[in-house]
Structures are given as structure tokens and as C-alpha cells.
Amino acid sequence: MEMFEWYIIRATGTVAYLLLYLSVLIGLYSQVQKKRKRNVTIPLVLHESLANLALFLTLGHVGFLLIDTNISFNWVEVLIPFNTDYKPLPMALGIFSLYFLIMTIVTSKVRKKIGYQKWRKLHALNPILYLFVTIHGLFIGTDFQAVVIAAVNIIPAILIAFMVQKSKPKLEVSP
């Protein structure tokens, strides 16, 4: 049973990360397309659906950590940051990431009630979520070398920077 637990913990974490990764890319693509006055209904539905699936898999990841017999975690260790002796900083970043992801999804569901501007400010915190998840995976995960994670993130980061730069309005300076 130990190997099954190990594989399922890693699989749920890795697939959740990949879904979050795709959700971020599609969300940023949608914003660029929106600024270009293009229809973004389908990309936004996909963006939200991927984020929801990432949350479900993340909850599964946490749940399977609780039944892992190799490292016996309890609820406090997987839900309260810095309450474990096992790699406290990467674990804390994973826990903070869970809370960021929940906040992102909940505030997106109640966007109309809290107001678009407040939602945008909260949604703007998502790079922190993504950074925390990436660091969590790099320092606690055993499935990927740092080079693979770096490559997976550098290429989209360049594309995202290019898309953001292209979407910024040009400022004209009058003499």
C-alpha cells in the first residue's frame, strides 16, 4: 500500500500543478484577447474549470497525505503552516497555496457580489499562489528535477511577458 500512497500523493500534486499552470496561461491569454476586443467566453470557462479541477486534486493531495503511512501527517500538519517537522517551509508554502487557491476560486464565484474591482485586486495576488506552489514542488517533490520545472516555467514566463508587453497601452509623451 505504501507505493500506491506515494504515487497517488505525487500524481494528485503534479496534475494539480499542471492544471493550475494551464489555468494561469489561459487566464493571461484571455486578458490579452479581451484587450484586443475578442470573445473570451470559451477560454474563461476553460480557465475556471481548470482552476476548479486543480482545487479538487489539491484537496485529494492533502487527503492522501493524511493516509500516508511513510510520513504520518495529521490535520494540523497539513492545514496549519509551520506545524510540522517535515520540511516546514515547503510544507507551509503548500498550505498557503491551498488557501490562496480556495480564496481565488471562492472570490471568483462571488465576483458580482464583492464587485469587479475588489475581485481584480484579489485575483492579482495569484502570482504569489503560483510562485508558492512552484517552490513547494521544487523543494518537497521528488518527481522532477529543478531544471525541468525551470524550463516548464521559463518558456511561458517569456510568452506571458511578451503578451503583457504587447497589451500595454503605449504612452505618448508630448513635448
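Small disclaimer: the values here were computed from a predicted structure and weren't measured.

Attention shifts here to the nonpolar core. With 23 residues, the main nonpolar core has Leu20, Val78, Leu101 and Leu129 as its most contacted residues. For this core, the secondary-structure elements that each account for two or more residues are helix 1 (2–35), helix 2 (41–67), helix 4 (88–109) and helix 7 (126–140).

Let's shift gears to unusual backbone geometry. With a phi close to 65 degrees, lysine 37 is a non-glycine residue in the positive phi region. Examined against the element boundaries, lysine 37 turns out to sit in the loop between helix 1 and helix 2. A positive phi angle is found at lysine 87, which is not glycine, with a value near 40 degrees. Within the secondary structure, lysine 87 is located in the loop between helix 3 (75–79) and helix 4. On the basis of relative accessible area, lysine 87 is assigned to the partly exposed category, the value being 34%.

Moving on, we come to the pattern of salt bridges. Scanning the entire structure with this criterion turns up one salt bridge. Across the pair glutamate 48 and lysine 109 runs a salt bridge, and its minimum N-O distance is 2.9 Å. In this pair, glutamate 48 sits in helix 2 while lysine 109 sits in helix 4, placing the two residues 61 residues apart along the sequence.

Here we take up the packing of helix 1 against helix 2. The geometry of helix 1 relative to helix 2 is characterised by a closest axis approach of 8 Å and an angle of 160 degrees between their N-to-C directions. By the angle between their axes, helix 1 is roughly antiparallel relative to helix 2. Both helix 1 and helix 2 take part in a crossing whose hand is left-handed. Each residue belonging to the contact of helix 1 with helix 2 can be placed in one class, and the counts come to 21 nonpolar, nine polar and one charged.

Bringing the environment of isoleucine 26 into the picture now. Inspection of the secondary structure puts isoleucine 26 in helix 1. Using a relative accessible area of 16% as the deciding quantity, one classes isoleucine 26 as buried. In this structure the C-alpha to C-alpha distance between isoleucine 26 and valine 40, which are 14 residues apart in sequence, comes to 10.0 Å. Ignoring any residue separated from it by four or fewer positions in sequence, one finds isoleucine 26 in contact with Pro43, Leu46, His47 and Leu50.

Okay, a nonpolar patch on the surface next. Together, Leu53, Phe56, Leu59, Phe82, Leu89, Phe96, Tyr99, Ile102 and Val106 give the surface a local cluster of nonpolar side chains, amounting to about 840 Å² of exposed area. Elements with a minimum of two residues in the nonpolar patch: helix 2 and helix 4. By residue number, the principal contributor to the nonpolar patch is helix 4, which donates five residues. Examined against the element boundaries, valine 106 turns out to sit in helix 4.

Along the chain, the position of glutamine 33 falls in helix 1. Using a relative accessible area of 8% as the deciding quantity, one classes glutamine 33 as buried. Aside from chain neighbours lying at most four places away, what touches glutamine 33 is Arg38 and Val40.

The rules we used
- Residues numbered from 1 in each chain as written.
- Predicted model: local features only at pLDDT ≥ 70, side-chain atom pairs only at ≥ 80, totals over all residues.
- Heavy atoms only, no water.
- Core = buried A, V, L, I, M, F, W, Y, C linked by side-chain atoms within 4.5 Å.
- Buried < 20%, exposed > 50% of the residue type's maximum accessible area, 1.4 Å probe, protein only.
- Helix = DSSP H or I, 4+ residues; strand = E, 2+ residues; numbered from the N terminus.
- Salt bridge = Lys/Arg side-chain N within 4 Å of Asp/Glu carboxyl O.
- Axes fitted to C-alpha atoms, helices over the stretch in contact; angles between N-to-C directions.
- Parallel < 35°, antiparallel > 145°, perpendicular 65-115°, else oblique.
- Left-handed = near helix turned anticlockwise from the far one by under 90°.
- Nonpolar A, V, L, I, M, F, W, Y, C, P; charged D, E, K, R; others polar.
- Contact = heavy atoms within 4.5 Å.
- Patch = residues over 30% accessible without salt bridge, like charges linked within 9 Å, V, L, I, M, F, W, Y side chains within 5 Å.
- Areas by Shrake-Rupley, 256 points an atom, 1.4 Å probe, with all protein chains shown as cover.

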